[in-house]
Amino acid sequence: MKKILILALALTALTSRAQQQGQTTAQQMIDAGLVCLADVCPDVQVRLMLSEPQGLFSTRFYTDLQTAYLHPQAALALKKAQATLKRTHPNLSLLVLDAARPMKVQGQLYAKVVGTQQNIYISDPRSGGDQHNYGLAVDVTLVDVETGEQLDMGTAFGTFEEASGMAAEEREGSELSETVIANRKLLRRAMAAGGYKPLRTEWWHFNFRTRSEAKANFRVIK
């Protein structure tokens, strides 16, 4: 009986620590003035790829976060983008793959590419990072709400190659199919309705404010 009690207390302590850890990044977002996306637009789906071991660079960057956070203005803009998409394609939904990102995680990402040809795709935190670090950027795709299948965008999220950019769509004799190009354009139209601008080199990345606006007028997430 004593052993069972000791085990139960140990498990309780471990659970308590896990819960505290689970609040750490979320609380950091809240302290930075961000809002939980589920509270603003609950019908937008979320699957944070930086929380999955098979995600970007096959590394789990978040061990305590499954919910997306954004600056309140950016969250409302995403809600508008979702509503626009739903009006013409009620069977589809935005699927958020990454949103607000603390600068410390930006540093971990940058460490994966520093000294490689991929370093142009991840902003150096020493230079102020990018709009993700202010809650003003979102990585997003489209998903069929009935099947749960993501629409074909030609490359996977985080595939840093030419085929992931707009130039590949515009090139004569593009290797991308008409379906892929149509899917990307649909995503861009929906996001544009919310005031988001695409990043030409990454079909999934959208900025709500420019980098200079973010640095001048918004708080960085440390």
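A brief report on the enclosed structure follows. (Residues numbered from 1 in each chain as written. Predicted model: local features only at pLDDT ≥ 70, side-chain atom pairs only at ≥ 80, totals over all residues. Heavy atoms only, no water.)

1. Overview of helix α3 (residues 72–88)
Stage number 1. Across its 17 residues, α3 extends 25 Å between first and last C-alpha, which sits within 8% of the 24 Å expected from 1.5 Å per residue.
Stage number 2. Along α3, the residues that are buried comprise Ala74, Ala75, Ala77, Leu78, Ala81, Gln82, Thr84 and Leu85.
Stage number 3. Elements that come into contact with the buried residues of α3 comprise β1 (35–36), α2 (37–40), β3 (69–70), β4 (92–98), β5 (137–144) and α6 (178–193). (Helix = DSSP H or I, 4+ residues; strand = E, 2+ residues; numbered from the N terminus. Expected span 1.5 Å × (residues − 1). Buried < 20%, exposed > 50% of the residue type's maximum accessible area, 1.4 Å probe, protein only. Contact = heavy atoms within 4.5 Å.)

2. A look at the packing of α3 against α6
Stage number 1. Taken N-terminus to C-terminus, the directions of α3 and α6 make an angle of 130 degrees; their axes are 7 Å apart at the nearest point. Compared by their axis directions, α3 and α6 come out oblique. Of the two elements, α3 crosses α6, and the hand of that crossing is right-handed. Residue-level contacts link Leu78, Lys80, Ala81, Thr84 and Leu85 of α3 to Leu186, Ala190, Met191 and Ala193 of α6. (Axes fitted to C-alpha atoms, helices over the stretch in contact; angles between N-to-C directions. Parallel < 35°, antiparallel > 145°, perpendicular 65-115°, else oblique. Left-handed = near helix turned anticlockwise from the far one by under 90°.)

3. Quick notes on unusual backbone geometry
Stage number 1. Positive phi outside glycine occurs at Phe57, with the angle close to 60 degrees.
Stage number 2. Taking relative accessible area as the criterion, Phe57 reaches 24% and is therefore assigned partly exposed.
Stage number 3. You will see that Ser58, though not glycine, has its phi angle at about 50 degrees, which is positive.
Stage number 4. You can see Ser58 is positioned in the loop between β2 (45–46) and β3.

4. Considerations on the packing of aromatic side chains
Stage number 1. With the rule as written, the count across this model stands at six aromatic pairs.
Stage number 2. On the basis of an interplanar angle of 75 degrees and a centroid distance of 5.5 Å, the ring pair of Phe157 and Trp204 is categorised as edge-to-face. A residue pair is termed long-range when its members are at least 10 positions apart, and Phe157 in the loop between β5 and α5 (166–170) and Trp204 in strand β7 (residues 202–207) qualify at 47 residues. No difference in accessibility class separates Phe157 from Trp204, as the two residues are buried. (Phe/Tyr/Trp six-rings, centres within 6.5 Å; stacked < 30°, edge-to-face > 60°.)

5. Quick word on the pattern of salt bridges
Two side chains bearing opposite charge may form a pair once their charged atoms approach each other closely.
Stage number 1. In this structure the tally under the stated criterion is nine salt bridges.
Stage number 2. When the shortest N-O distance is used, the salt bridge between Glu52 and Arg47 registers 2.7 Å.
Stage number 3. Residue Arg47 is classed as partly exposed on the basis of its relative accessible area, which comes to 35%.
Stage number 4. Between Asp124 and Arg126 there is a salt bridge; the shortest N-O distance is 2.8 Å.
Stage number 5. Here the salt bridges do not stand alone but share partners, grouping Asp98, Arg101 and Asp139 into one network. (Salt bridge = Lys/Arg side-chain N within 4 Å of Asp/Glu carboxyl O.)

6. Quick notes on the pairing of β5
Each regular strand shows side chains that alternate between the opposite faces of the sheet.
Stage number 1. Here β5 lies mainly inside the structure; eight of its eight residues are buried.
Stage number 2. Neither face of β5 is left uncovered, since the one carrying Ala137, Asp139, Thr141 and Val143 and the one carrying Val138, Val140, Leu142 and Asp144 both have all their residues buried.
Stage number 3. The pairing of β4 with β5 spans six bridges and is classified as antiparallel. Looking at the pairing, Val96 lines up with Val140 of β5. (Pairing = 2+ DSSP bridges.)

7. Quick look at the sheet that holds β5
Stage number 1. A sheet is described by the order of its strands in space; here five strands give the open sequence β2-β4-β5-β7-β6, paired in mixed fashion. Both edges of this open sheet fall to β2 and β6 (197–199), since each of them pairs with a single strand only.
Stage number 2. Contacts between α3 and the sheet are confined to β4 and β5, with β4 contributing the most and set at about 145 degrees to the helix.
Stage number 3. Sitting on the sheet, α6 touches β4, β5, β6 and β7, and the angle it makes with β5 is about 125 degrees.

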